[in-house]
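# Examination of the molecular architecture
Okay, here's what each chain looks like letter by letter:
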Amino acid sequence: MILSDRSIREEIQAGKIRIEPLDSGCIQPSSVDLHLYDEFLVFRNTRRPFIDVREPQHDLTELIRVENGDAFILHPGEFVLGSTAEVVGIPVDLVGRLDGKSSLGRCGLMIHSTAGYVDPGFVGRLTLELSNVANLPIALYPGMPIAQISFSRMTTPAEKPYGDASIGSKYQGQMGPRASELHREFHSPRRQGAG
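Residues numbered from 1 in each chain as written. Predicted model: local features only at pLDDT ≥ 70, side-chain atom pairs only at ≥ 80, totals over all residues. Heavy atoms only, no water.

### Observations regarding the sheet that holds strand β9 (residues 117–118)
To be explicit about the condition: Pairing between two strands requires that DSSP report at least two bridges joining them. To qualify as a helix, a DSSP run of H or I must reach at least 4 residues; to qualify as a strand, a run of E must reach at least 2; elements of each kind are numbered from the N terminus.
Strand order in the open sheet formed by 4 strands is β2-β12-β7-β9, and the pairing between neighbours is antiparallel. Either end of the sheet is taken by a strand with one partner, and the two such strands are β2 (32–35) and β9. Pairing of strand β7 (residues 94–100) with strand β12 (residues 145–153), which is carried by 7 bridges, proceeds in the antiparallel orientation. When the sheet's bridge partners are listed, L94 is paired in β12 with R153.

Below you can see the structure in the form of structure tokens.
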């Protein structure tokens, strides 16, 4: 069941859903508009011959901060990591779903490849996988509406929500765009002990 605007307001007022900062005008009929943060991780293809998912990738990206009022130009075919300006907290009995804004999709902007799902228990800024599939560059401005999040109620609260030490949550508490931490799965005792 997807939460309505009324239910979203109730969950926020009860302190269950956390969206900070929140302008009440951003609550839509069944979602909440989120805005673009001022930091971007840009991939530098001169640093390695390929992406090895078994290795840390922090040296593959460079953090760019956009000054107030300036634009970040996303070129055709380019892929960068961004994040929401808002810190989002999901309670243990809800799941968040992040989607792009229709008006931006009509310009050729994709806000995620696969990371549209937000687990119960997650707290932090949401990473955006920004791609330009148009044939012209797109100017992105920090603070602009970039995405919308909707919420679905689970059948029961999660027994081990995101952030629980036993499940190895890699991005809990992130406060800006983060490079992939997939390499940690190749070195975890859980994976080594499996099959």
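Here the narrative resumes, following the displayed structure.
### Brief notes about the environment of A85
Condition: Working rule for contacts: check all heavy atoms of both residues, and any pair within 4.5 Å makes them a contact.
Along the chain, A85 turns up in strand β6 (residues 79–89). Not counting the four nearest positions on each side in its chain, A85 is found in contact with E20, P21, H35, L36, Y37 and R125.

### Some remarks on the pattern of salt bridges
What counts here: One side-chain nitrogen of Lys or Arg within 4 Å of one carboxyl oxygen of Asp or Glu is enough to make a salt bridge. When accessible area is computed with a 1.4 Å probe and restricted to protein chains, residues below 20% of their type maximum are described as buried, those above 50% as exposed, and intermediate ones as partly exposed.
Under the criterion given, the structure shown has 11 salt bridges. The shortest N-O distance in the salt bridge between R18 and E20 comes to 3.1 Å. What makes R18 partly exposed here is its relative accessible area of 34%. The closest approach of N and O atoms between E181 and R178, which form a salt bridge, is 3.7 Å. Exposure remark for R178: the relative accessible area of 27% places this residue in the partly exposed category.

### Quick word on the packing of aromatic side chains
Condition: Only Phe, Tyr and Trp rings are paired, with Trp represented by its six-membered ring, and only when their centres lie within 6.5 Å; those with planes under 30 degrees apart are stacked, over 60 edge-to-face, the remainder tilted.
Taken as a whole, this structure holds 3 aromatic pairs when the rule is applied. On the numbers, 5.8 Å between centres and 55° between planes, the contact of F122 with Y162 is tilted. On the criterion of sequence distance, the pair formed by F122 in the loop between β9 and β10 (123–132) and Y162 in the loop between β12 and α3 (183–186) is long-range, its members being 40 residues apart. Judged on exposure class, the residue F122 and its partner Y162 are both buried.

### Focus: the state of the cysteines
For clarity, the cut-off: Cysteine sulfur atoms are paired as a disulfide whenever they come within 2.5 Å of each other.
Evaluated as defined, the whole model comprises 0 disulfides. Cysteine C107 remains unbridged, with the sulfur of C26 as its closest cysteine sulfur at 19 Å.

### Examining the pairing of β10
Most of β10 is tucked away, with 9 of its 10 residues classed as buried. Here β6 pairs with β10 via 8 bridges, running antiparallel. By the bridge assignment for β10, V80 is matched with L130. Judged from the 2 bridges that link them, strand β8 (residues 109–110) and β10 form a sheet pairing that is antiparallel. Bridge pairing links L109 to N132 in β10.

### Quick look at the nonpolar core
For the record, the criterion: Buried residues of nine kinds, namely Ala, Val, Leu, Ile, Met, Phe, Trp, Tyr and Cys, make up a nonpolar core once their side-chain atoms join them within 4.5 Å.
By size, the foremost hydrophobic cluster in this structure holds 35 residues, and its most contacted members are L109, L130, L140, I146, I149 and F151. Each residue touching L109, except ones within four places of it in the same chain, is listed here: L74, L104, L130, S131, I138, L140 and I146.

### With respect to the side chain of E11
Where we set the bar: Polar contact criterion, stated in full: a pair of N or O atoms within 3.5 Å, where within protein one must be able to donate a hydrogen and the other to accept it, and residues adjacent in sequence count only if both atoms are side-chain atoms.
Structurally, E11 is set in helix α1 (residues 5–13). Of the polar contacts made by the side chain of E11, one reaches the side chain of R153; its length is 2.9 Å. Apart from the residues lying within four places of it in its own chain, the contact partners of E11 are L3, K16, I17, L94 and R153.

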